[in-house]
Amino acid sequence: MTLSKQTEPSMLHSLAKHAPESGSSTWNSIRENSLVNLNSVGFPHSRLEDWRFLDLRPISRTEFYSADEAGILPATNAENYFIPESDRSRLVFVNGNYSEKLSSIGGLGKGVTVGNLSDYADNPSVKEYLNKLVNYEDDLFTEFNGVMLKDGAFIHLEEGAKAEAPIQILNLYTDSAKPYVATPRILVVAEENSDMTIVEDHVGLSGNTYMTVPVSEVKVKKGAHIHHVRLQRDSENAFHIARPIAYVEQNSEYHSYTITLGAKISRNEPRVVQEAEEVNFTLDGLVLIDGDQVADTHSVLDHRFSFGNSHQLHKVVVNGKAHSIFNGKIFVRRDAQKIDSFQENRNLLLSNDGLVNTKPQLEIFADDVLCSHGATIGQLDPEEVFYLQSRGMTEEKAKEVLTYAFALETIENVKVESVHKLLIEEVYRYTKANNIETVNA
Amino acid sequence: MVLELKDLHCEVEGEGIEILKGVNLTVEKGEIHAIMGPNGSGKSTLAKVIAGHPEYEVTKGDILFNGESILELDPDERAHAGVFLAFQYPVEVPGVTNNTLLRESYNTIAASRGREELDPLEFDDYVRGKLDLVEMNPDFLERSVNTGFSGGEKKKNEIFQMAVLEPALALLDETDSGLDIDALRVVSNGINTLHGEDDAVVLITHYQRLLNYIVPDKVHVMLGGKIVKSGGKELAFELEDKGYDWLQDHAMVNGEAK
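The text that follows walks through the structure, step by step, so that each part is easy to find. (Residues numbered from 1 in each chain as written. Chains lettered and ligands numbered in written order. Predicted model: local features only at pLDDT ≥ 70, side-chain atom pairs only at ≥ 80, totals over all residues.)

What follows concerns the overall build of chain B. Helices and strands together make up the secondary structure of chain B, namely 8 helices and 12 strands. Taking 2.2 N^0.38 as the reference for a compact globule, 258 residues should give roughly 18 Å; the C-alpha atoms of chain B span a radius of gyration of 18 Å, in line with that estimate. Projected onto the principal axes, the alpha-carbon positions of chain B cover approximately 60 × 40 × 35 Å. Across the 258 residues in chain B, those meeting the buried criterion constitute 43%. The long-range fraction of contacts in chain B, counting pairs at least 24 apart against all pairs at least 6 apart in sequence, stands at 71%. (Helix = DSSP H or I, 4+ residues; strand = E, 2+ residues; numbered from the N terminus. Rg over C-alpha atoms; globule rule 2.2 N^0.38 Å. Buried ≥ 20, exposed ≤ 12 C-beta atoms within 10 Å, placed from the backbone. Contact = placed C-beta atoms within 7 Å.)

Okay, structure coming up:
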């Protein structure tokens, strides 16, 4: 892996000098360590296997500025993105900075702590887990986030606590004169038998260029349940590089649904690590892209113990000249028997110029497991279009309906009603806006 | 005349393989026609071509519907005009309920015929009345179109759609195939009930057994992309007895069989 250790500094290396300094000594040491690591890794490039299909030059060639220099404008119409279920359980970050004014965290009941990470620097869970769970090898972006550590979402549920309402983590990215970089951070600790729903939303308020590098660490202890919706609707000129990782303990459930709609280039690397027997987790994804968007998902489901059920349905719709990349790694360690793992990547290509790279990857070292995986790339079936046309729908409408039906499967398990509705609208908006090309059968 | 096919030739778009080789057929209002023939004779293609399937290109001849050529119409426009095709293999559309599809279809067709569109409540009343016809439970309406349906349910659903859309011409492509005897009874009762003086039905079938339930006015035999023999309902019995071989020779005499 010495290839990655190129020495040529990137703009992230130079931006690191703007790292915040305040905070506890623990935090300072996280930043310092991250800086050391940052300086030993270079900017990734397509000669590295994990970056083979993704051209990062649009990012590496962009000149980013510090928050002070970028001419950042304030957030507008933030309330348009508040979900009604979370009117008293909402954390809002503007370009990664906590906004007390826009947040509302009064109503979560007993045993639930929700707030800005930097206000909880001395909290035992923060001390124990912050930056300890994140585990991405030689990764410039994770380290950069660590260097810039300041604000973030902190959620802690005591043993047996239940968050009465979904907790919304709303990340807003505002317009600016020049490109900037935001480093949102999330730490979630669910103690034994606790239960919560999280809606993590990334919204570009304008069409400007910025980069966001969110890192989230989730700890799901024995018997705890987390339903995690991640919605990415960044600006069409934004870059989004996400590192969400979850650790699941015995009898716990972690179900995550990632919906990717925005950004010019997005790279999402969700990881779930099984830490004990009898767990159940989901890592579903829906990607709807068009124009020259590139959406890359590199996921890892790491089964380290026996009796785990995992589910990953990753559905992608590509239109225009958009490009989707999927690399789904499933590890089943040698002593992890009786694993039941399902992985499927289904791609719907609506245009002749779209591109899909898919690579499901099973690495199984145990012998008594049930793992199915597959990948399909297809166009709308002309027979299905004809069926709906023969019932009176125009060709355009028929294609809309079929695209909608294709996408629907991944969002039907999103149990926050307003978000489910929003996603249905987004799918409709996508199919309508795209005026789907006729593909020669 | 509801339907008139004049020397209809077609081939698979872009492949140059001729499938229909000059079909002539006239269907009058109030009639039921059965088109029979072995596999590969072109029966299903004929139904699809009339409904406007884009896979086939009409290279010669014409399709007249109520006296006017529909060759230039898209499949949805043909549906608006009153053509209905019950599919041999109905398509599953997960995420779209039967009710949604049918209301959408009903209203677009109603609008194009200058009839009043129905709001969801009115449509609900209307559609529930049609369920009995195919002996289906109301929760059927809330299920995704054909998704997870058994073969029999899919076929019933086609007839149910026909009931809701009230076409002037129903083309039923192998609607009897894969049905058990009870489902066959339900489906044929449905077709018999729906058929009246103002519409026409074309049954495409492999087997004579459907004709025990639905009595056709005319029976046609297709072989090698042409109708080689037409007759009354007794022709079906003759086919049951003798098979298609004797007609194969007949087709050869006419010159062009494959």
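On we go from here.
Our next topic: the overall build of chain A. A count of helices and strands for chain A gives 8 helices and 22 strands. Its C-alpha radius of gyration of 21 Å places chain A within 12% of the 22 Å reference for a compact globule of 441 residues. Dimensions of chain A along its principal axes, counting C-alpha atoms only, are 70 × 55 × 50 Å. Classification of the 441 residues of chain A by burial places 52% in the buried group. Intrachain contacts of chain A at a sequence separation of at least 6 include 84% that bridge at least 24 residues.

Once that is clear, we can look at helix 7 (residues 234-242) of chain B. Residues and elements named next belong to chain B. Those residues of helix 7 that fall on the buried side of the exposure criterion are Leu235, Ala236 and Leu239. The buried side chains of helix 7 occupy one side of the element, clustering within an arc of 105° when seen end-on. Exposed residues lying more than 90 degrees from the buried face of helix 7 are Glu234, Phe237 and Asp241. Tucked into the core, helix 7 has its buried residues touching strand 3 (32-36), strand 11 (218-223) and strand 12 (226-231). Remark: glycine 243 follows helix 7 within two positions and exhibits a positive phi of approximately 75°. (Arc of directions from axis to C-beta.)

All names here are of chain A. Of the two faces of strand 14 (residues 265-268), the one carrying Ile265 and Arg267 and the one carrying Ser266 and Asn268 are both buried. The sheet contact formed by strand 12 (residues 239-248) and strand 14 spans 4 bridges and is parallel. Bridge pairing in strand 14 links isoleucine 241 to arginine 267. Of the strand pairs in this sheet, strand 14 and strand 17 (residues 294-303) are connected by 4 bridges, and their pairing is parallel. Across the sheet, residue asparagine 268 finds its bridge partner in strand 17, namely threonine 297. (Pairing = 2+ DSSP bridges.)

On to the interface of chain B and chain A, then. Between chain B and chain A, the contact holds 22 residues from the first and 18 residues from the second. Classifying every residue of the side of chain B that touches chain A by side-chain character gives 12 nonpolar, 6 polar and 4 charged. (Nonpolar A, V, L, I, M, F, W, Y, C, P; charged D, E, K, R; others polar.)

All names here are of chain A. Following both chains from N to C, one finds helix 6 (residues 382-389) and helix 7 (residues 395-411) inclined at 120°, their axes separated by 9 Å at the closest point. For the element pair helix 6 / helix 7, the angle class is oblique. Helix-helix and strand crossings are classified by hand; for helix 6 and helix 7 the assignment is right-handed. For the pair helix 6 and helix 7, contact is made by Glu384, Val385, Leu388 and Gln389 and by Glu395, Ala398, Lys399, Val401 and Leu402, respectively. (Axes fitted to C-alpha atoms, helices over the stretch in contact; angles between N-to-C directions. Parallel < 35°, antiparallel > 145°, perpendicular 65-115°, else oblique. Left-handed = near helix turned anticlockwise from the far one by under 90°.)

Buried together is how nonpolar side chains tend to be arranged in soluble globular proteins. Residues Leu171(B) and Leu203(B) are the most contacted members of the largest nonpolar core, which totals 193 residues. Leave out the neighbours within four places in its chain, and Leu203(B) touches Ile32(B), His33(B), Ala34(B), Ile35(B), Leu172(B), Leu210(B), Ile214(B) and Pro216(B). (Core = buried A, V, L, I, M, F, W, Y, C linked by C-beta atoms within 7 Å.)

Right, let's talk about the sheet that holds strand 9 (residues 169-173) of chain B for a bit. Residues and elements named next belong to chain B. Read across the sheet, 6 strands follow the order 6-9-10-3-11-12 without closing on themselves; strand pairing throughout is mixed. Every interior strand has two partners, whereas the edge strands, strand 6 (83-86) and strand 12, have only one. Ignoring which end each strand starts from, the neighbouring axes of this sheet average 20° apart. Note that strand 9 and strand 10 (residues 200-205) share 5 bridges and pair parallel. Note that in strand 10 the partner of leucine 172 across the bridge is leucine 203. Contacting strand 3, strand 6, strand 9, strand 10 and strand 11, helix 1 (residues 43-51) runs over the sheet at an angle of about 145° to strand 9.

Regular strands show a simple pattern: their side chains alternate between the two faces of the sheet. All names here are of chain A. Burial within strand 16 (residues 279-289) is extensive, with 10 of its 11 residues counted as buried. Of the strand pairs in this sheet, strand 16 and strand 18 (residues 308-318) are connected by 9 bridges, and their pairing is parallel. Within strand 18, the position partnered with leucine 288 by the bridge is valine 317.

All names here are of chain A. Strand order in the open sheet formed by 10 strands is 2-1-5-8-11-13-16-18-20-22, with mixed pairing between adjacent strands. Strands with a single pairing partner mark the edges of an open sheet, and in this sheet they are strand 2 (97-98) and strand 22 (370-378). Strands strand 13 (253-260), strand 16, strand 18 and strand 20 (340-349) of the sheet are contacted by helix 7, whose axis makes an angle of about 150° with strand 18.

A few words now on the environment of Asp175(A). Looking at the element boundaries, Asp175(A) is found in the loop between strand 5 (167-173) and strand 6 (181-182). For Asp175(A), the contacting residues outside a window of four places in its chain are Leu73(A), Leu205(A), Ser206(A) and Asn208(A).

Here we come to helix 5 (residues 140-147) of chain A. Residue and element names in this part refer to chain A. For helix 5, a buried count of 8 out of 8 residues is recorded, marking the element as mostly surrounded by other parts of the structure. All buried positions along helix 5 are accounted for by Leu140, Phe141, Thr142, Glu143, Phe144, Asn145, Gly146 and Val147. Residues of helix 5 that are buried in the fold lie against helix 1 (11-15), helix 2 (25-40), strand 7 (185-190), strand 10 (215-220) and strand 12.

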